[in-house]
Amino acid sequence: MIRFILTACVAIAFFLSAPANVYAKVADTASSSDVQFTSIPTAADSMAARKQAQAKIAKAQQPTKVKATKADKPKTLWAIFLTGLLGGFTAVLMPCIYPLLPLTVSFFTKKAGSRAKGIFQSLIYGLSIIIIYVALGMIISIVFGSDALNELATNGIFNIFFFLLLVVFGISFLGAFEIALPSSLGNKLDANADKGGSAGIFFMAATLVVVSFSCTGPIIGTLLVDAASKGDRLAPAIGMLGFSVALALPFTVFALFPSAMKSLPKSGGWLNSVKVILGFLELAFALKFLSNVDLAYHWNWFDREIFLSLWIAIGLMMGLYLIGKIKFSHDSDTPYLSVPRAFLSIIVFAFVIYMIPGLWGAPLKSISAFLPPIATQDFDLSQSPGGGGYGGAADTASVKNRKYAGNYDRIKTRGLDAWYDYEQALQESKKIHKPILIDFTGFNCVNCRKMESNVWNNPQVFNHLKNDFVLLQLVVDDKAALPTNEQFVSTYSGKTITNLGGKWSDLEASRFNSNSQPFYVMLDSDGNLLTDKSGTTINPSPADYDVADYNKFLESGIAAYKK
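Note that the structure is predicted; figures quoted are calculated from it, not measured.

> Lay out the pattern of salt bridges with the relevant residues and their values.
Scanning the model with the defined rule gives three salt bridges in all. Close ionic contact of Asp-417 with Arg-402 constitutes a salt bridge, the shortest N to O distance being 3.1 Å. One end of the pair, Asp-417, is in the loop between α13 (339-355) and α14 (422-432); the other, Arg-402, is in the loop between α13 and α14, and 15 residues separate them in sequence. With relative accessibility at 7%, the residue Arg-402 sits in the buried group. With its nearest N and O atoms 3.4 Å apart, the salt bridge here joins Asp-409 to Lys-412.

Right under this line is the structure:
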């Protein structure tokens, strides 16, 4: 929902797991057919043969390193940069910054002495803004480190903290209070800004950062929360780079073309409306973090319909605010409905109407990645692609005997009979003679929900998953504790693995050299990667939202297994 609304609103909105080692047991039994025995073997011969056989078994049990076919991190960093960029452009429209545009540009164009000097000083000013914000992102990265950032997305304490933080930001934007840095800091920086040269300009930029914090603080905080939860070490710095570039760009551009200032709309009550709309979006965005904790820790009370009901309520209030039916104490009077407000309200109300059928099980594919899984829905009238209502083939007696199955009722895909333990899946594959499809997934995996809703929901793909594979879903962010006798120290990461999600995360990282989700691996009944007719290994696949390509991937595994 967040990205949908942000894209539609354009100028007034923005879109504000650690490796763990359980080696897969490979059931291949080393063959001794190539070992030559004499008719009367000596003790030395027997020992040599035994060592050779043991060496083969040990080699077979080594984890298979597989290179991921696609790299997700660059895309993630680009997405974070673009999100920061959109956040920066939004910040320019805030009442703490927008009125400063003409004043700052006037300083550089009139008091610099010459046009060339004014342009040079404005470039220094913009660069100073970028340096300050990127430094903030770098500090976040250094303090937390990559390992800690990887854990933020599923850590219960951090997710609750993020939820509360965004709620506070949202309330602040609605006008209940302002978040501001100490005024003494702003005064001190302003005094240093009187110094000449580049140092003075730098302190001017620092003063802008401090003075405008009441408006930009919630935006920056939301961007940092979103970036940190991505788990990439550079994410906070990249997010701040995008934000600062967008924030600095108008000051520099208007210093280059001061006449363009005349085309800008005058400051007024519409600037406060931007803050209020962002406040509503902050509250909507906060709910995602609460949903993350609810799923990972099995609280089982924040269901899909509750989530949707809250988003619908927030959307209705936003629409009523836009048309002037709701007004906060600090808002200016709106004597008439302007054309921009009319179009924005149409978009918001249309989106609210779009969400309403989701209360009865409509898939809502465009926002399904952000919603709790549809299995959390108490009242679901929709049908699975294979026919039947919720549960489908999974509502059988055999499911009750499946290890860990009780943990995953809330992310179960309707109609699919999945397994959740590696060893049990191997046994089932040998019994029914079907290949294994491992789905490395997560409670909080946005892309996993998108794959399940947009790709797995295709009838052809669904039938392959249901009829041609032993589907093994390994949830890497499950916080359920392992029994003491099953806890271990990973030889891959050196960490002590104490929960179920860590066990499967370690399996993915140690054997398949990946820590992203979703991640799909096809194995034979002995736990080996499938190979095609030419003997080439069929590489595991990350998320592929092209239905035809993903279906081709599945069919290649089916053909390889039959071979």
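Back to the write-up after that little detour.
> Quick one: what's the story with the nonpolar core, residue by residue and with numbers?
By size, the foremost hydrophobic cluster in this structure holds 70 residues, and its most contacted members are Phe-243 and Trp-311. With 14 residues, the top contributor of residues to this core is helix α11 (residues 269-296). In this structure, Phe-243 is in contact with Gly-84, Leu-85, Gly-87, Gly-88, Ala-91, Tyr-133, Thr-216, Ile-219, Ile-220 and Leu-223, ignoring residues within four places of it in sequence. Counting residues in each nonpolar core, the second largest holds 51 residues, with Leu-295, Val-455, Trp-456 and Leu-554 among its members.

> Please provide a residue-by-residue account of the state of the cysteines, values included.
Counting across every chain of the model gives one disulfide. Between the sulfur of Cys-445 and that of Cys-448 lies a disulfide, 2.1 Å long from S to S. The sign of the S-S torsion, about 80 degrees, decides the handedness of the disulfide formed by Cys-445 and Cys-448: right-handed.

> Go over a nonpolar patch on the surface, please, and point to the residues and values.
A surface patch of nonpolar side chains, about 510 Å² in accessible area, is lined by Ile-353, Ile-356, Trp-360, Phe-379 and Leu-381. Locating Leu-381 in the fold gives a position in the loop between α13 and α14.

> Before we move on, could you go through the side chain of Lys-288 and cite the residues and values that matter?
Structurally, the position occupied by Lys-288 is in helix α11. Of the side chains with opposite charge, Asp-477 lies nearest to the buried Lys-288, which makes no salt bridge, at 9.1 Å. Dropping the residues within four chain positions of it, Lys-288 is found in contact with Phe-307, Ala-369, Phe-370 and Val-446.

> Got a sec to walk through the pairing of strand β2 (residues 470-475)? Specific residues and values, please.
Within β2, six of the six residues are buried, which leaves it mostly tucked inside the rest of the structure. Neither face of β2 is exposed, since Val-470, Leu-472 and Leu-474 on one face and Leu-471, Gln-473 and Val-475 on the opposite face are all buried. For strand β1 (residues 436-441) and β2, the ladder comprises six bridges, and the chain directions are parallel. Among the inter-strand pairings, Leu-437 is bridged to a residue of β2, identified as Leu-471.

What counts and how
- Residues numbered from 1 in each chain as written.
- Predicted model: local features only at pLDDT ≥ 70, side-chain atom pairs only at ≥ 80, totals over all residues.
- Heavy atoms only, no water.
- Salt bridge = Lys/Arg side-chain N within 4 Å of Asp/Glu carboxyl O.
- Helix = DSSP H or I, 4+ residues; strand = E, 2+ residues; numbered from the N terminus.
- Buried < 20%, exposed > 50% of the residue type's maximum accessible area, 1.4 Å probe, protein only.
- Core = buried A, V, L, I, M, F, W, Y, C linked by side-chain atoms within 4.5 Å.
- Contact = heavy atoms within 4.5 Å.
- Disulfide = S-S within 2.5 Å.
- Patch = residues over 30% accessible without salt bridge, like charges linked within 9 Å, V, L, I, M, F, W, Y side chains within 5 Å.
- Areas by Shrake-Rupley, 256 points an atom, 1.4 Å probe, with all protein chains shown as cover.
- Lys, Arg positive; Asp, Glu negative; His and termini not counted.
- Pairing = 2+ DSSP bridges.

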